[in-house]
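Examining the three-dimensional arrangement
The primary structure of each chain is shown beneath.
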Amino acid sequence: MAKIKSVIVASESTPFIKTGGLADVVGALPKYLEGLDVDAVVILPKYRDIDFTNYNLECVLPSMCVVMGFGEEWASVFKTTTEEGVTFYFVEHHRFFSREGLYHDNNLNDYQDNAYRFGFFCRAALQLCKDLKLKPNIIHANDWQTAAIPAYMKIWHWDDEIGRAASILTIHNTNYQGTYNAEVYNYLGLGASNYSSDTFEDNGNVNLLKGGIFFADVVTTVSPTYAKEILTPYGGHGLSPYLANKTTNFFGIVNGIDDVIWNPEHDEYIPENYSIKSMKGKATCKRELQKEFLLEEDDSIPIIGIVSRFVDQKGFGLITSVIDKVVVNMRVQLVVLGTGDTYLEGFFGNMPNFFAGQVGSYIGYSNRLSHLIEAGSDLFLMPSLFEPCGLNQMYSKAYGTLPIVHATGGLEDTVLNFDEATNKGTGFKFYTPTESALYNTIGWALSVYYDKPKVFQSLQKSAMTCDHSWLISAKEYVKAYKLAIKNKKSYDKMCD
Ligand code: ADP
Ligand code: GLC
């Protein structure tokens, strides 16, 4: 059978630009699809903050005309191929993308024209496929920023080869739906008949994710448990009935981890590499972490690490309520890396002043520190209220750093709770997101660290041997691609 040609369209991707896990997923998936007879390319916006110094960018379309609901926009398209052989295209449009950040300014104010920016990007990505004759079989959209793509394919491209391709929409977080003032709708040019309560209309606003769910041939999300959760009214943030309408064309595929980047054996950011066979390097990483964050340099004190966007989703309400009590009552050190909410930046930024030598923090974004924390910590804290998949708990496991998690979404699917009876497990879970559950679970994890060191080590080994390779998940995406292609054929027959 001929190779499937997939075009993945997203608003961020490693190694170019990243605010969260979406970038990790988009950067990794195409590399693993390649080995499964899928040719995958990626299309991204050309943001001002992307550092292209190490990439040979080639301009492949100096002036591409993109027709929107009222009038034309003009863009340029650039291309580069990474060392690993994945081709990335970048849509340049100065008014929309040559500004700071991705979705908001430095003060976290959402850009008011986001629906215009990303609506345009969706149309531009399809025009790019057409003008460069990419001839995809499948176009893979991700999150609200690119959710209008399945709609444009069916509404605007019904009589060309872009419209013959199938579409898949992966939802990485239902908390962000791209809901904007309805005045953008004419600019988007999606047709008055599609501004209905089944499609793009949502309480008088435009909801891009909701419209995308309706038009996509297959909808996926990033873990099976999250797929179940968002079919419930509470978990779905209003989308559950529309997801339920997709029946068997909606399901969860758990993310994998890029084991070239997140691997203690080869990690370039850590002071000494290590593996399950020789854990000596982990002790060096711990000492380095203590040095870097001005903590008491003592191997016997366990370190809990946190690397996160500072948003409510991640359970910071719980953490801030119990963390002082934890560091006062327990013999433990805490290292925090994160950025986002101003209150939380102040809270964690100040903690080292109150708990000098015991708590360290870095408020900002640092790839190097995120690797050092994964490697040097003993435990990793992720008590998210909801978590579509979560990558850090899987990175921690790969580094022998046991995650403490609230059993939700992907955290439920990827962490096996420690069982005192069998001594099996890969982390510590609590099932109700309350302060006492969090406090007690941290206490439980520390008691295993102190009182049962051999058991703790065997849990570390179990965590390190779990296979979270992208290859397994990429195979599921190939199945999803094939299902979308089949669904599209049935849809085309119905329209004939
Ligand atoms: P989410 O996408 O919801 O933020 P994930 O766990 O899926 O959560 O992915 C988060 C990704 O972002 C991980 O790769 C993590 O290491 C990274 N990350 C988050 N905050 C920071 C930070 N302040 N500095 C460096 N990396 C960060
Ligand atoms: C979102 C989710 C996170 C997931 C990531 C990648 O940011 O919050 O749970 O891991 O997307 O799919």
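Residues numbered from 1 in each chain as written. Chains lettered and ligands numbered in written order. Predicted model: local features only at pLDDT ≥ 70, side-chain atom pairs only at ≥ 80, totals over all residues. Heavy atoms only, no water.

1. Remarks on the overall build of the protein chain
Here is the rule we go by: The secondary structure listing takes helices from DSSP runs of H or I that are at least 4 residues long and strands from runs of E that are at least 2 residues long, numbered from the N terminus. Summary of the burial criterion: residues with accessible area below 20% of their type's maximum are buried, those above 50% are exposed, and those between are partly exposed, where the area comes from a 1.4 Å probe applied to protein chains only. Any pair of residues with heavy atoms lying within 4.5 Å of one another is described as a contacting pair. Per-residue and other accessible areas were derived by the Shrake-Rupley procedure at a 1.4 Å probe size, with only the shown protein chains allowed to occlude residues. For the charge count, each Lys or Arg is scored as positive and each Asp or Glu as negative, with His and the chain ends excluded. Every charge is mapped to an atom, namely NZ of Lys, CZ of Arg, CG of Asp or CD of Glu.
The helix and strand tally for the protein chain stands at 18 helices and 18 strands. Considered along the principal axes of its C-alpha atoms, the protein chain spans approximately 70 × 45 × 45 Å. Taken over 496 residues, the protein chain has a buried fraction of 59%. Partitioning the intrachain contacts of the protein chain with sequence separation of at least 6 by distance along the chain shows that 71% fall at a separation of at least 24. Only carbon and sulfur atoms are counted for the fraction: they give 52% of the accessible area of the protein chain, which is about 20100 Å². Charge separation in the protein chain, taken as the distance between the mean sites of 43 positive and 57 negative side-chain charges, equals 6 Å.

2. Some remarks on the pairing of strand 4 (residues 72-81)
Inclusion rule: Here, any two strands with at least 2 DSSP bridges between them count as paired.
In terms of strand pairing, strand 3 (residues 58-67) meets strand 4 through seven bridges, oriented antiparallel. In the strand pairing of strand 4, V67 is matched with E72. Connecting strand 3 to the next strand, strand 4, in antiparallel fashion are four residues, including G71 with a positive phi near 95°. Sheet topology places strand 4 next to strand 5 (residues 87-92); six bridges connect them, and they run antiparallel. Among the inter-strand pairings, K79 is bridged to a residue of strand 5, identified as Y89. If you look at the hairpin formed by strand 4 and strand 5, you'll find five residues sitting between the two strands, and G85 has a positive phi there, around 90°.

3. Remarks on helix 10 (residues 280-292)
Where we set the bar: Expected helix span is taken as 1.5 Å per residue step, with the number of steps being one fewer than the number of residues.
Between the first and last C-alpha of helix 10 there are 19 Å, a value that for 13 residues agrees with the 18 Å anticipated at 1.5 Å per step. Within helix 10, burial applies to G281, K282, C285, K286, L289 and Q290. At its buried positions, helix 10 is contacted by strand 13 (303-310), strand 14 (333-340), helix 13 (367-376), helix 16 (435-451) and helix 17 (453-465). At the exit of helix 10 stands L294, carrying a positive phi of roughly 55°.

4. Things to note about the domain arrangement of the protein chain
Note the threshold: Bear in mind that the domain bounds are from an automatic or database domain assignment. Buried area adds together the accessible area that both of two parts lose upon being put together, with accessible area traced by a 1.4 Å probe. Between Lys or Arg on one side and Asp or Glu on the other, a salt bridge is scored when a side-chain nitrogen of the former is within 4 Å of a carboxyl oxygen of the latter. Pairs of N or O atoms are called polar contacts if they sit within 3.5 Å, as long as, within protein, a hydrogen donor faces a hydrogen acceptor (for residues adjacent in sequence, only side-chain-to-side-chain pairs). Only Asp, Glu, Lys and Arg are considered charged, only Ala, Val, Leu, Ile, Met, Phe, Trp, Tyr, Cys and Pro nonpolar, and every remaining residue, Gly among them, polar.
When cut into domains, the protein chain gives domain 1 (4-256 + 471-495) and domain 2 (280-467). Computed from C-alpha coordinates alone, the two centres of domain 1 and domain 2 are separated by 33 Å. Summed over both partners, the interface of domain 1 with domain 2 buries about 1500 Å², with 57% contributed by carbon and sulfur atoms. Counting every contact that joins domain 1 to domain 2 gives zero salt bridges. One can count eight residue pairs in polar contact (both at pLDDT 80 or more) joining domain 1 with domain 2. Listed by contribution, the elements that provide at least two residues to the side of domain 1 that touches domain 2 are helix 1 (21-34) and helix 8 (224-229). Looking at the side of domain 1 that touches domain 2, its residues break down into seven nonpolar, 10 polar and three charged.

5. Examining the site of ligand 2
Rule in force here: Distances are taken per atom, and a residue is near a molecule or strand as soon as one of its heavy atoms is within 4 Å of it.
In the vicinity of ligand 2, 14 residues are found, and the nearest of them are H172, N255, E387, C389 and G390. Side-chain polar atom of N173 to an oxygen atom of ligand 2: 3.4 Å apart, as the coordinates give it. At a separation of 2.4 Å, an oxygen atom of ligand 2 approaches a polar side-chain atom of E387. Here ligand 2, which alone exposes 310 Å², has 93% of that area covered by the protein.

6. Examining the site of ligand 1
Not every one of the 20 residues close to ligand 1 is listed here, only the nearest: K18, G21, D24, R309 and K314. Note that an oxygen atom of ligand 1 is positioned 2.8 Å from one of the side-chain N or O atoms of K18. In this structure, an oxygen atom belonging to ligand 1 sits 2.8 Å away from a main-chain N or O atom of L391. Relative to its free-state accessible area of 560 Å², ligand 1 is covered by the protein chains to the extent of 94%. Listing elements by their share of the shell around ligand 1, those giving two or more residues are helix 1, strand 13, strand 14 and helix 14 (392-398). For the shell around ligand 1, the element with the highest residue contribution is strand 13, accounting for three residues. Residue composition of the shell around ligand 1, grouped by class: six nonpolar, nine polar and five charged. Formed jointly, the shell around ligand 1 draws a minimum of three residues from each of two domains, domain 1 (4-256 + 471-495) and domain 2 (280-467).

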